[in-house]
Structure formats: C-alpha cells, structure tokens
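Overview (structure and organization)
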Amino acid sequence: MNFKFKHTEKIVGLFILIAIVILIAGMISLAIYKKMFIEGTTFKTKLSSAEGLSTSTVLTFRGYEIGKVKKYSLDEDNNIDAEIFIYKKFREKIVRGCAIYRQVSPISGKTWLLLLYPNQLPLRISPNGTTLSVLLPDESYIPSLDMYDGKKLLEDKIIEKYGDSITILFEDARDFVSNLRQEVRLKQDSFQDFFKNLAQFADSLARNSKILDNVSLMTDPDKGPVFSTLNQFSDISKKLNESVNQLNTLIANYKQPDGIIPKMMQINPEDIDKTMQNVNKNLETLYQMIKSLQDQVPMIAEVLMNTDKTLQALNNNPLLRGGIPKEFKNTNSSKKKRLDMSSETDSTKNTPGTETKKEKDNKNENENK
Amino acid sequence: MKTRINKTICNIQYFRCGLIMCIILLLTFAGCSSLPKGMETRSLSFAALKMKYARDAQKAHDYTKALLLYTEAYQLYTGVDDIRGKIESGLSIARQFHYLDKPEETQKWISKTDEMIRNNMPELKTLKDILLIEIAFGKEDFNTVISIAGNTTTSNPEHKAEILCYHIASLANLKQDYKLPFSLLLNLLPSLEKKFKKNNMDDPEILSLSYYYLGYITSHIEKNWRKGIEFFEKARHIDRLLDNSYGIGKDLFALGRCMEELGMKQEAIGNYNRAAEVFLLLNDLEMEKKAKSRAIQIASGGQKPF
C-alpha cells in the first residue's frame, strides 16, 4: 500500500529550519559557556614555564573561576609573559599584595592558576610606610610565585599558599631536595679542605712511622747495630741522635697550636653559619611537610574507605561480577606432597616437617656417632 | 486503512512502553544488587586479609611469617567469635607448626580445633582429617593415612580428590588394592576440570595433584609409561597456569622418568635438566642433584636403576 505525504517540501523545510535553530542555539550556548561575552580587565604576570599552560587555563580564587589566560609569550629573559583576563564581577579581588600561584598537578600534569589574596588590607608596602590604594590598576603587573617578587611576598607572610595539598607537598619536597643539594655542595667544599688536611696528616704519620722503624731497626737485639757490635757504638749514637732530633721536630710540630689537628678542623665560620641556616630551613620545610602529611592522613583514610565501598558495590553488581576473577582460597597448603618417581617411598624430603622416620633414625644415629 | 495505521501506532506505543519498563526493571535490579551482600565487621575483613597474606607466605615457604599471620588472624576471629574462621586459622597454625617440625605445638593446636569442630561445626571435620592425612603421609605412615581416609566422608569434590590422592598412593606403596579409589578419582576429574575452567575452585592445585597421582600409579606402579606421560603433561599444564614451581619440578622429573623408560633419551635429559633448574631455583638441592645426576647418567649411557 502506498502512503504519500501531501506537504513533503514544507515538512523537509521545517526540519532544516529546526536543525539550523539547534545549530545556532548550540553555538550561542557554547559562546556563553566559554564566557566570550563577559566583560573584564586584563592584567599581566610573569611565569617561569608555559608547561601545561593554554588559553583555556583558568585563574581561580577559593574555587571560583575569576579569570583565564588570554595569551602568553616567551620574553627576552626566557620567562613567560602572560596576559590574564579577569572577569568584571571579580575585578575587586585584584588588590595590591595579591599574587598568582601556578600549580602543576604531579599526578595528572594539569596546570592551573590560583590567586593568592593578601592576609590583611590595606597593605603598607612602600618603604616609608604610607598606605597605598588597595586595588591594582588595570593592565598592571600581578607578581607570580615563580618570580622573586612573588616569593618575597610569601616570605614576608603577606600571602599564604593554598590549593591542592598534594601538589604543595610535592613542591615543598622539591624545595627541600634543592636546599639539601646546595648544602651538600657547600659541605663538599668543606670536606675537600678536610681531606687535604687529612692527607697532610697522613704524610706526617708516614714520616713518623719511618723514624720509628729506623729506631726499632737500630735497637733490634739480633740485627741491630746496638747489640751486634760495640765498636760501631759511636756511629749508632750519631744516627740515634739524628733520629731523636727528627722525632723532636715532629713532636714540636704536634705541640704547636697551628698544628695538624686544628688545620684539619679549619672550616670557614661563614660556611658553618650558612650550613646551619640551611639545615634550619630544611628542618622547617620538613616539619611543614610532616604536618601537611599528618593532616592528609584522615582524608586519605576516608578516600580509601569510600573506594572500598565503591569496589564492594561493583563487586556485588551482577553485570560486572563476571569480569572480576575469583580469588582462590587455597585452603590447605602451598606444597602438596608428591611422591618421587625415583623411589617408591621417597616423599618430599626438603619440605619441613616431612622428614621420614628412617631419615630421623639415621640422623639420630649420626648425631650419636 | 486508518484503522490499520492506528493499530500500528498502538503497537509501537505498546512496544515502547514495554521497552521502558524493561530498562527500568534492569536498572532497579542492577541498583539493588549493588547493595552490600551483608554486613562484615572490620575485624573480619582484616582477618581475611591476614589469612591471604599468610597463605602467600606459606606458598613462599616462609612458615614463620605464615605462622605469625595465621595467629593474628586467629586472634581477630576470636575477637568477633567467628568459629569457622577460628577453626580454619587454627588448623593452618597447626600445619605451620608441623612444617616447622614442632610436633607438640602441632598436636596442641589440632586438639584445640578438634574441640571446636566437635562442639560447633562437625561439617569441618574433613579439614582436620586432611591435615592429619598430610602429616601421616609426610611421615610415610601409610597405614594411618589409609585408616583416616577410609573413615572420612565428604561431599566436597576437592576435599574428596585430595584424600583419594593420598589414599591411592598409600595403598600402592603398601601393595594393597587401590582400584576402587583410583576409579573414584578418575570419575571426579571431569567435575573438577569443569570447576577449574570456570575458575571456581577453592584450591585448584588439587587438580594437578590428582593428575600427578594418576600418572604416578599408571607409570610407576602399573608401568604404563605412555599413559603416565599424558597425566603428567596435564599436571604440568595446570601447575604452569597456577605458577606452582614445586609442582612443575616434580612433573618434569616424572616426565623425564617416563621418557627414560620409553627410550626417549634426549627428551628425558631435557626434562631432567629443566627439573634441576626449577629445583635449584626453589633451593631444593637434593632434588636438583638427583635430576642432574639422572641426566648425566643417561647422557653417558649408564643405566643406573633407581
């Protein structure tokens, strides 16, 4: 049976119209989603690397998206000049003393920017102590923690790091390792001096040993000249005199305050001071790391518990259960006894606790013997 | 015409309704079945974990570590008064003491678990019997093995197969009639194979052990070396799947022996050498030496009888 539409052209036209409307609506919603129509202000910053950076990288503050990277380029100093577009709604958050913190996730490698807001407002940043206006002017420079000025703000405790704890933990660990490296290098120099002095000391000792050997040779009752012949007594006494003189010189060397041992301990006081400072810094970092890790423990435990629950649910699901291999209970043993083919009553001799009576008897016999 | 179109539209609507209902039912079913099967206390989960690690340690022949873990599991089971767990871990503790050659401790733990079995779970008596059989078999006390195996009844095919293995080996060594248990073991194999293929066995090593003892009886006792090779090959295949190095070593040695008897010298030497390598890896120097010396003797043309 044939079934014809009366208004085929109109219906097709209507479909095309609907498709076009959907397409336009989609494009508009995409533009809205991408915040293409939002007004805002541009600021500048400097970053140390563009790794993971793109024009879709967003700037967040306390979890809110307050802006995004507009464009970025490599400058003459091999840093990255980035322009950041701040949405109008959040313009007032860009104040003096704020900084940008570039975080790279150590797990996913994803990069995001965080705005670090100063602890107190208004800020007294100028050296003469005058209060400066709070808001940063449009298109001005926001320091980043990648650069010195940003780090200074952090050191002066004007701002505080926040964000993904694991990333911060990794960064702290990285700083810790780099500090440690510096220190090791410093110590390497000190150790070089130490070993030089030690070498000198070893030379002196060798000389000392030679002298003592001479003395011992000379005073040897069998071969030594002292007891072999009295005729050569004068020569021996001369030699002995020389040796004693040498020995005296050596002892005098030891007695001197600028002797070998103090030389060995000669380490620049500035170096020691630097080392101690570094050690102190490292200890602080270590303390922070441990503290942060301690804070993470309950969270990790909770995550593990939730994961366990999810996996249990998945395990109980009949649609998935087939895909999860069953774990063998293996109830009885790991090593079932298998009689050897070499003899009729030869069981697994090396298995502990499976010694045969005959073997035990033999053993006892041997022990008795 | 109109009626027909209406009917078609009506059918389509019914079909659609049915489909939606099916999807809703499927989702409800999947959602409900995702709920936990039952509450399990943390102690039980930990105890199960300890048992798992203890079995791993036992597999690695670290009996002291296994003993420690089984004891911890026993304590956890005691804390929540899980009798089954207590019996299973208690028997495992006894087994470790046996491996560590401490008969007094072994006996103490067997008595302890025996009391629990008698009072609370008589169905677990088989587990204790298997342990007693293992101990007696290790001491070559074949009469005890035969007496325990003859009195043990179980519906669990894996336990049955394991007991039958020790039973036929003991009967054969005492030159007694083993035909009945041998045929029982042969009859059990298809169901065990099926369970193994479905990955549904509690202790899959039982299957390779069964093949090994079938091969042992066929070749070593009945002198049917060719049939023996078939069984040992199957045992080796399963042991390889289970990563059971000790079993593989024994299978290779047995294969070497069968091939030697059949005059397949090169193959026999190859199998002995491979067995020696496996035993060396397991630090079983006696077996390694035995396999190596057999290979050397065949290569030099000597036929020293075993």
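Residues numbered from 1 in each chain as written. Chains lettered and ligands numbered in written order. Predicted model: local features only at pLDDT ≥ 70, side-chain atom pairs only at ≥ 80, totals over all residues. Heavy atoms only, no water.

Another point: the overall build of chain A. The number of helices and strands found in chain A is 9 helices and 7 strands. Counting the 369 residues in chain A, one finds 28% classified as buried. Taking all contacts inside chain A whose residues are at least 6 apart in sequence as the whole, residues at least 24 apart take part in 62%. (Helix = DSSP H or I, 4+ residues; strand = E, 2+ residues; numbered from the N terminus. Buried < 20%, exposed > 50% of the residue type's maximum accessible area, 1.4 Å probe, protein only. Contact = heavy atoms within 4.5 Å.)

In this section: the sheet that holds strand β4 (residues 80-87) of chain A. Hydrogen bonds along the backbone pair up the strands of a sheet, which may run parallel or antiparallel. All names here are of chain A. On the basis of which strands lie adjacent, the open sheet formed by 7 strands has the order β5-β6-β2-β3-β4-β1-β7 and mixed pairing. Of all strands in the sheet, those with a lone pairing partner are β5 (99-104) and β7 (141-142), marking the two edges. Here 7 bridges tie strand β3 (residues 64-74) to β4, and the two strands are oriented antiparallel to one another. Considered in β4, the bridge of Y72 is made with A82. (Pairing = 2+ DSSP bridges.)

Glancing now at the pairing of β4 of chain A. Across the 8 residues that make up β4 of chain A, a large majority, 6, are buried. Linkage of β3 of chain A to β4 of chain A, two consecutive antiparallel strands, is achieved through a turn of 5 residues, within which N78 of chain A is found at a positive phi near 65°.

This brings us to the nonpolar core. Core analysis: the largest hydrophobic core is formed by 62 residues, its most contacted members being M341 of chain A together with F137, L207 and Y213 of chain B. Here Y213 of chain B is in contact with K337, R338 and L339 of chain A together with F137, C165, I168 and A169 of chain B, once residues within four sequence places are set aside. Counting 26 residues, the second largest nonpolar core, distinct from the first, contains A66, Y74, I117 and L127 of chain B. (Core = buried A, V, L, I, M, F, W, Y, C linked by side-chain atoms within 4.5 Å.)

Let's shift gears to the pattern of salt bridges. Two side chains carrying opposite charge are able to pair once their charged atoms lie near each other. Per the stated rule, a full pass over the model turns up 25 salt bridges over all chains. Of the charged contacts in the structure, one is a salt bridge between R102 of chain A and D146 of chain A, with a shortest N-O distance of 2.9 Å. Here R102 of chain A is found in strand β5, whereas its partner D146 of chain A is found in the loop between β7 and α2 (148-155), with 44 residues between them in sequence. A salt bridge links K128 of chain B to D114 of chain B, with the shortest nitrogen-to-oxygen separation between them at 2.9 Å. Highlighted residues: K128 of chain B in helix α6 (residues 125-138) and D114 of chain B in helix α5 (residues 103-119), separated in sequence by 14 residues. Note on accessibility: K128 of chain B and D114 of chain B belong to one class, buried. Here the salt bridges do not stand alone but share partners, grouping K46, D75 and D81 of chain A into one network. (Salt bridge = Lys/Arg side-chain N within 4 Å of Asp/Glu carboxyl O.)

Before going further, it helps to examine the packing of aromatic side chains. All names here are of chain A. Per the counting criterion, the structure on display carries 14 aromatic pairs over all chains. When the ring of F61 is compared with that of Y117, the centres are 5.5 Å apart and the planes differ by 45°; the resulting orientation is tilted. In this pair, F61 sits in strand β2 (residues 58-61) while Y117 sits in the loop between β6 (111-116) and β7, placing the two residues 56 residues apart along the sequence. When its relative accessible area of 10% is taken as the criterion, F61 is described as buried. (Phe/Tyr/Trp six-rings, centres within 6.5 Å; stacked < 30°, edge-to-face > 60°.)

To continue, consider the confidence of the model for chain B. Chain-level statistics for chain B give a pLDDT mean of 86 and a share of 91% at 70 or above. Two summary scores accompany this predicted model of the complex, namely pTM at 0.49 and ipTM at 0.71. (pLDDT = per-residue confidence, 0-100.)

A packed helix pair is summarised by two numbers, namely the angle formed by the two axes and the spacing between the axes. Residue and element names in this part refer to chain B. Packing of helix α8 (residues 157-173) against helix α10 (residues 205-221) leaves a shortest axis separation of 9 Å and a crossing angle of 20°. One element, α8, and the other, α10, form an angle in the roughly parallel class. Like other packed secondary-structure pairs, α8 and α10 cross with a definite hand, here left-handed. Between α8, through E158, A161, E162, C165, I168, A169, A172 and N173, and α10, the contact on the second element is made entirely by I206, L209, S210, Y213, Y216, I217 and I221. (Axes fitted to C-alpha atoms, helices over the stretch in contact; angles between N-to-C directions. Parallel < 35°, antiparallel > 145°, perpendicular 65-115°, else oblique. Left-handed = near helix turned anticlockwise from the far one by under 90°.)

As a further point, take the side chain of T45 of chain A. All names here are of chain A. Relative to the elements of secondary structure, T45 occurs in strand β1 (residues 40-47). Polar side-chain contacts of T45 include one of 2.7 Å to the backbone oxygen of I142. Residue contacts for T45: discarding those within four places in its chain leaves I80, D81, A82, I84, I100, Y141, I142, P143 and S144. (Polar contact = N/O pair within 3.5 Å; in protein donor to acceptor, adjacent residues only side chain to side chain.)

Residues and elements named next belong to chain B. Along its 17 residues, α5 runs 24 Å from first to last C-alpha, staying within 8% of the 24 Å computed at 1.5 Å per residue. The set of residues buried in α5 consists of T106, W109, I110, T113, D114, M116 and I117. The buried residues of α5 occupy one face: seen down the axis, they fall within an arc of 165°. Of the residues in α5, the exposed ones pointing more than 90 degrees away from the buried face are E104, R118 and N119. Elements that come into contact with the buried residues of α5 comprise α3 (63-79), α4 (83-99) and α6. (Expected span 1.5 Å × (residues − 1). Arc of directions from axis to C-beta.)

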